[in-house]
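# Examining the three-dimensional arrangement
The residues making up each chain are set out below.
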Amino acid sequence: MKKLTSLFLAASALGLSACGFSPVYSTQSDVAQGSIQIAQIDGYSGHILRRELLMLLRPGLPGVESGALTIAYEEDVNDFAILAAGQSARVNVQGEAQYRLETPRGILSGVVNSSVSSAPGNLAYDDIAVRRDMSARAAMEAANLIAEQLQLHAQDESAYRQPAGSN
C-alpha cells in the first residue's frame, strides 16, 4: 500500500510539473520570468504600496512580457487644529510616488500624487490609529494610480524611453 501511495505521489508531481505548475513559495529562477518584479519599498507605507501593486499587477500589463519596477515613495503627514488634549482634529496625508518600469522595450516612468484626509474620533490616541490608516490609504491610492498609468501607457510605443547609452 505504501508503494502504491508513493508511486501515485511521484506520478502526480510529474504530471503537475509538465503542465507548468510551480509551487507558490518556490525559489526557482524561471518562475519569475514573464512577470513584473517590484523592488522593496522602505517603510510601513512602502510595504502597503508594494503589496497593493503586487495584487494589481499580478495579471501583468498589456504588451509587457517582463520588467522591473522601482518606486521612490515620500509621504507628508499634516495634523490640523491640535486640541487641548493633544489630539489632532484633522489628519491629512499626501504621498508622492516616482516610478520607473524597465522593460525590454524601454523605460516607462512617471510621478503620481495621492492625498487622503480624515478626522479622528474622540478616544484617547485615536489620532495615532487614524494617522496610520491614512498612510495606508494614501499608499493604496498611489498604487492604484501607478497601475492605471502603466496600463494606459504599456502599449504606447511613444511612451517608452530608451536607457541611456543605448542606440
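Residues numbered from 1 in each chain as written. Predicted model: local features only at pLDDT ≥ 70, side-chain atom pairs only at ≥ 80, totals over all residues. Heavy atoms only, no water.

A few words on the pattern of salt bridges. Side-chain pairs of opposite charge can arise where the charged atoms are in close proximity. Enumeration according to the criterion identifies 2 salt bridges in this entry. A salt bridge links Arg100 to Glu102; its shortest N-O distance comes to 3.0 Å. Here Arg100 falls in the partly exposed class, since its relative accessible area comes to 31%. Glu157 is the salt-bridge partner of Arg105, the closest N and O atoms lying 2.4 Å from each other. Placement of Arg105 in the loop between strand S3 (88–103) and strand S4 (106–118) and of Glu157 in the segment after helix H3 (126–153) is noted, with a sequence separation of 52 residues between them. (Salt bridge = Lys/Arg side-chain N within 4 Å of Asp/Glu carboxyl O. Buried < 20%, exposed > 50% of the residue type's maximum accessible area, 1.4 Å probe, protein only. Helix = DSSP H or I, 4+ residues; strand = E, 2+ residues; numbered from the N terminus.)

Each aromatic ring pair is specified by the distance between its two centres and by the angle formed by the two planes. Scanning the entire structure with this criterion turns up 0 aromatic pairs. We note Arg132 situated over the ring of Tyr44; from NZ or CZ to the ring centre the distance is 3.7 Å. (Phe/Tyr/Trp six-rings, centres within 6.5 Å; stacked < 30°, edge-to-face > 60°. Lys NZ or Arg CZ within 6 Å of the ring centre and 35° of its normal.)

For Ala72, the location among the structural elements is in strand S2 (residues 67–82). With 28 residues separating them along the chain, Ala72 and Arg100 place their C-alpha atoms 9.0 Å apart. Not counting chain neighbours up to four residues away, the residues in contact with Ala72 comprise Glu96, Ala97 and Gln98. (Contact = heavy atoms within 4.5 Å.)

Summarising the element assignment, Ser118 is placed in strand S4. Excluding anything up to four places from it in sequence, Ser118 contacts Arg90, Val91, Val130 and Met134.

On to H3. In a regular helix each residue adds 1.5 Å, so 28 residues correspond to 40 Å; H3 covers 41 Å between its end C-alpha atoms and thus fits that length. Listed in full, the buried residues belonging to H3 are Asp127, Val130, Met134, Ser135, Ala136, Ala138, Ala139, Ala142, Ala143, Ile146, Ala147 and Leu150. (Expected span 1.5 Å × (residues − 1).)

Moving on, we get to the confidence of the model for the protein. On average, residues of the protein score 80 in pLDDT, and 72% of them are at 70 or above. Across the protein, element-level confidence peaks in helix H2 (residues 43–56) with a mean pLDDT of 94 and bottoms out in helix H1 (residues 2–18) with 66. For the stretch residues 25–34, pLDDT sits under 50, and the model shows 5 contacts to residues farther than four places along the chain or on other chains. (pLDDT = per-residue confidence, 0-100.)

What follows concerns the packing of H2 against H3. Angle between the axes and distance between the axes are the two parameters that describe a pair of packed helices. Where H2 contacts H3, the axes come no closer than 8 Å and their chain directions differ by 40°. Taken together, the axes of H2 and H3 are oblique relative to one another. Considering how the two elements wind past one another, H2 and H3 form a crossing that is right-handed. In this structure, H2 contributes Tyr44, Ser45, Ile48, Leu49, Glu52, Leu53 and Leu56 to the contact, and H3 contributes Arg132, Ser135, Ala136, Ala139, Met140, Ala142, Ala143, Asn144, Ile146, Ala147 and Gln151. When its residues are assigned to classes, the contact of H2 with H3 shows 12 nonpolar, 4 polar and 2 charged. (Axes fitted to C-alpha atoms, helices over the stretch in contact; angles between N-to-C directions. Parallel < 35°, antiparallel > 145°, perpendicular 65-115°, else oblique. Left-handed = near helix turned anticlockwise from the far one by under 90°. Nonpolar A, V, L, I, M, F, W, Y, C, P; charged D, E, K, R; others polar.)

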